[in-house]
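Survey of secondary and tertiary structure
Residue-level listing of the chains:
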Amino acid sequence: MSALFDLLIAPFADFGFMQRALFGSLMLSLGACPVGVFLMLRRLSLAGDAMAHAILPGAAAGFLIFGLDILPMTVGGLLAGAVVALGAGAVSRFTIQREDASMAAFYLISLALGVLLVSLRGSSVDLMHVLFGTVLALDNEALALIGGIVAVTLGCLALFWRALVAECLDPLFLRSVSRLGSPVHFVFLGLVVLNLVGGFQALGTLLSVGLMILPAAAARFWTSRVGSMCVVAVLIGFAACICGLLLSYHASLPSGPAIILSAGVVYLASILLGTRGIARARVAHRHRTA
Amino acid sequence: MLKTIHAILALSVITLTGFATLPAFAEPLKVVASFSIIGDFAKNVGGDRVEIITLVGPDGDAHVYEPKPADAVAMAKADVVLVNGLNFEGFLQRLVDASATRAAVVELTKSIEPIEFKPEFAEEAQEESHEGHAHDEHEGHDHGPLDPHAFQSVPNAKVYVKNIADAFCAADAQGCADYRANADAYSRKLDALDGEIRAAIASIPQAKRVVITSHDAFGYFEHEYGLTFLAPQGVSTEAEPSAADVATLVKQARQDKAAALFVENITNPKLVERIAAEAGIKVGGTLYSDSLSPPGGPAATYIDMMRSNTAEIKGAILGS
């Protein structure tokens, strides 16, 4: 019993930074995982990764001008992300080019600009760590930021739920029955950027996009309803955060990658064992043919 | 053929230097100092009679310095080359070979009793020496490599100064009296500095003389002045720390009741602040270990550097 306590509870009971890491990453999962579900359903999973890179120049510019202050870096990141998201979205809506190409073009421009800014400061490695924090060093400011982001995300999701679901399943239908089509798309991209910026503060590296996509992708193997998929994704995100932090503590692994890899393990297990995964689907298939 | 040319060159150098030393103040003695602290010592001993070129300047790191062609030129023209020794300057042997200098290369740590790196630093220092140092004097398992930062103790600094005066006298006999007088005057200043540091440390309660630093450069300071420097294990220059590393450091700080934290190698300042807040200790300012600050900085000379370090440590511990 006490061994179990040492294994699971003691790390969080003994150290404040572990409590903060847990609290911050759980909050982040709450906001990012549902957003990830919608990204996945809209076949924009890789766009999350692209957006993560697109944020770099804004955050770097904020750091270069205002120094190591969480607010300018966050605002900078949001602006850069918004420009890329809106630019790519607008190009795909108003020209013949599809969203994947316009997104790739905008994020590459943004990324190059970011690398340029980072290099101006000198050693790029150092600035990358300064920009992206670590889950083990969450201060009150960072926690407040993540909390705010989660609140905004959940609020927007609740408000635009029906429109978002409709956009995912049949965007042309939504545009034909409602003027909300384009605005909802942009609100959604805004949420993606917001959660990625929060993720940088919490998870440290560009890996933060993993907490958005992996639980959502894993949840897809367990349910087909959007609502329950969001719930399952959040639960998987929670589990990944707890496992990752405990792994980082007991096996002395870097915490960011440990969390994302935990989510990755859940994803792989879900492919095999999920109710809509390989094993069950094959069984069901055999029944049908038999 | 090459040998003959070298011999001719050597002869001409000898004759030229022979001529140069004849008139009293014709040519300053050309001195190459390997890094900024030695350059400062040499300036104080040599005064106007010497012209000093410092290879690794202020805020530079002599461990990982890459010599430039201009350094080889300076080295080739030098009359005296002053180095720290104990494998401090990894780049030096290559440079001496490449420049084919005829100058005497003087190791200033000679006749100083070297101490070993503390075990917790030894591993890191070994890695360092495998990477950067041409010659590794690491011998056996229970002996750590030798700590080259001997100048961090003021009594050792006086040995440096004496060795510099000896080297200058050997190269320029006419100026010997000046060099000795300068060295004596500077040594008296160092004595005063030594007393200052001891008084400052004495004003810190015995139980609170514990500091955490990731620098492995303060072994001699610790040895001389009775302060304990703890090493943060695991958390050094690694990019992504693990929760275990941070927890170990926090535990260590709590158990040993360290009073202040000087950790500059951790690239993320927020992490340092977090650790300090968790362990209930303060984050100190900058400690200068291997080089001076640029002119106008808090550690522009050796004496300023030792004063600044002592004040930082005392201030951080006493919380002023």
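See the structure above.
Right, let's get into helix α11 (residues 302–318) of chain B. All names here are of chain B. Taking 1.5 Å per residue, 17 residues should reach 24 Å; α11 reaches 24 Å between its end C-alpha atoms and fits that length. Residues of α11 that are buried: Tyr 302, Ile 303, Met 305, Met 306, Ser 308, Asn 309, Thr 310, Ile 313, Gly 315, Ala 316 and Ile 317. Backbone geometry just after α11 places Gly 319 at a positive phi near 70°.

Counting residues in each nonpolar core, the largest one holds 73 residues, and the members touching the most others are B:Phe41, B:Leu82, B:Phe168, B:Leu190, B:Phe221, B:Tyr302 and B:Ile313. The greatest single-element share of this core, amounting to nine residues, is contributed by helix α6 (residues 154–171) of chain B. Residues A:Met103, A:Phe188, A:Val192 and A:Met212 belong to the second largest nonpolar core, which totals 49 residues.

Residue and element names in this part refer to chain B. Throughout the structure, instances matching the rule amount to 10 salt bridges over all chains. Where Lys 162 meets Asp 166, a salt bridge forms, and the shortest distance between an N and an O atom there is 3.1 Å. Here Lys 162 and its partner Asp 166 are both found in helix α6, four residues apart, which amounts to about one turn of the helix. Owing to a relative accessible area of 27%, Asp 166 belongs among the partly exposed residues under this scheme. A salt bridge links Glu 278 to Arg 274, with the shortest nitrogen-to-oxygen separation between them at 3.9 Å. Of this pair, Glu 278 and Arg 274 both sit in helix α10 (residues 269–279), four residues apart, roughly one helical turn. Both residues of the pair, Glu 278 and Arg 274, count as buried. In this structure, a network of salt bridges that share partners links the residues Arg 49, Asp 172 and Asp 178.

Residues and elements named next belong to chain A. Running from N to C, helix α13 (residues 208–219) and helix α15 (residues 255–273) cross one another at 15°; their axes reach a closest spacing of 8 Å. It follows from the interaxial angle that α13 and α15 lie roughly parallel. The hand of the α13/α15 crossing is left-handed. For the pair α13 and α15, the contacting residues are Gly 210, Leu 211, Leu 214, Ala 217 and Ala 218 in the first and Ile 259, Ile 260, Ala 263, Gly 264, Val 266, Tyr 267 and Ser 270 in the second. Partitioning the contact of α13 with α15 into residue classes produces nine nonpolar, three polar and no charged.

The next subject is the state of the cysteines. Across all of its chains, the model carries one disulfide over all chains by this definition. Covalent S-S linkage joins B:Cys169 and B:Cys176, the inter-sulfur distance amounting to 2.1 Å. Judged by the sign of its S-S torsion, about 90°, the bond between B:Cys169 and B:Cys176 is right-handed. A relative accessible area of 10% means that B:Cys169 is categorised as buried. On the basis of relative accessibility, which here comes to 21%, the residue B:Cys176 falls in the partly exposed class. Just so you know, A:Cys33 is unpaired, no disulfide at all, and the nearest cysteine sulfur is the one on A:Cys241, 7.3 Å from it. Classification of A:Cys33 by relative accessible area gives buried; the value is 0%.

About the cut-offs
Residues numbered from 1 in each chain as written. Chains lettered and ligands numbered in written order. Predicted model: local features only at pLDDT ≥ 70, side-chain atom pairs only at ≥ 80, totals over all residues. Heavy atoms only, no water. Helix = DSSP H or I, 4+ residues; strand = E, 2+ residues; numbered from the N terminus. Expected span 1.5 Å × (residues − 1). Buried < 20%, exposed > 50% of the residue type's maximum accessible area, 1.4 Å probe, protein only. Core = buried A, V, L, I, M, F, W, Y, C linked by side-chain atoms within 4.5 Å. Salt bridge = Lys/Arg side-chain N within 4 Å of Asp/Glu carboxyl O. Axes fitted to C-alpha atoms, helices over the stretch in contact; angles between N-to-C directions. Parallel < 35°, antiparallel > 145°, perpendicular 65-115°, else oblique. Left-handed = near helix turned anticlockwise from the far one by under 90°. Contact = heavy atoms within 4.5 Å. Nonpolar A, V, L, I, M, F, W, Y, C, P; charged D, E, K, R; others polar. Disulfide = S-S within 2.5 Å.

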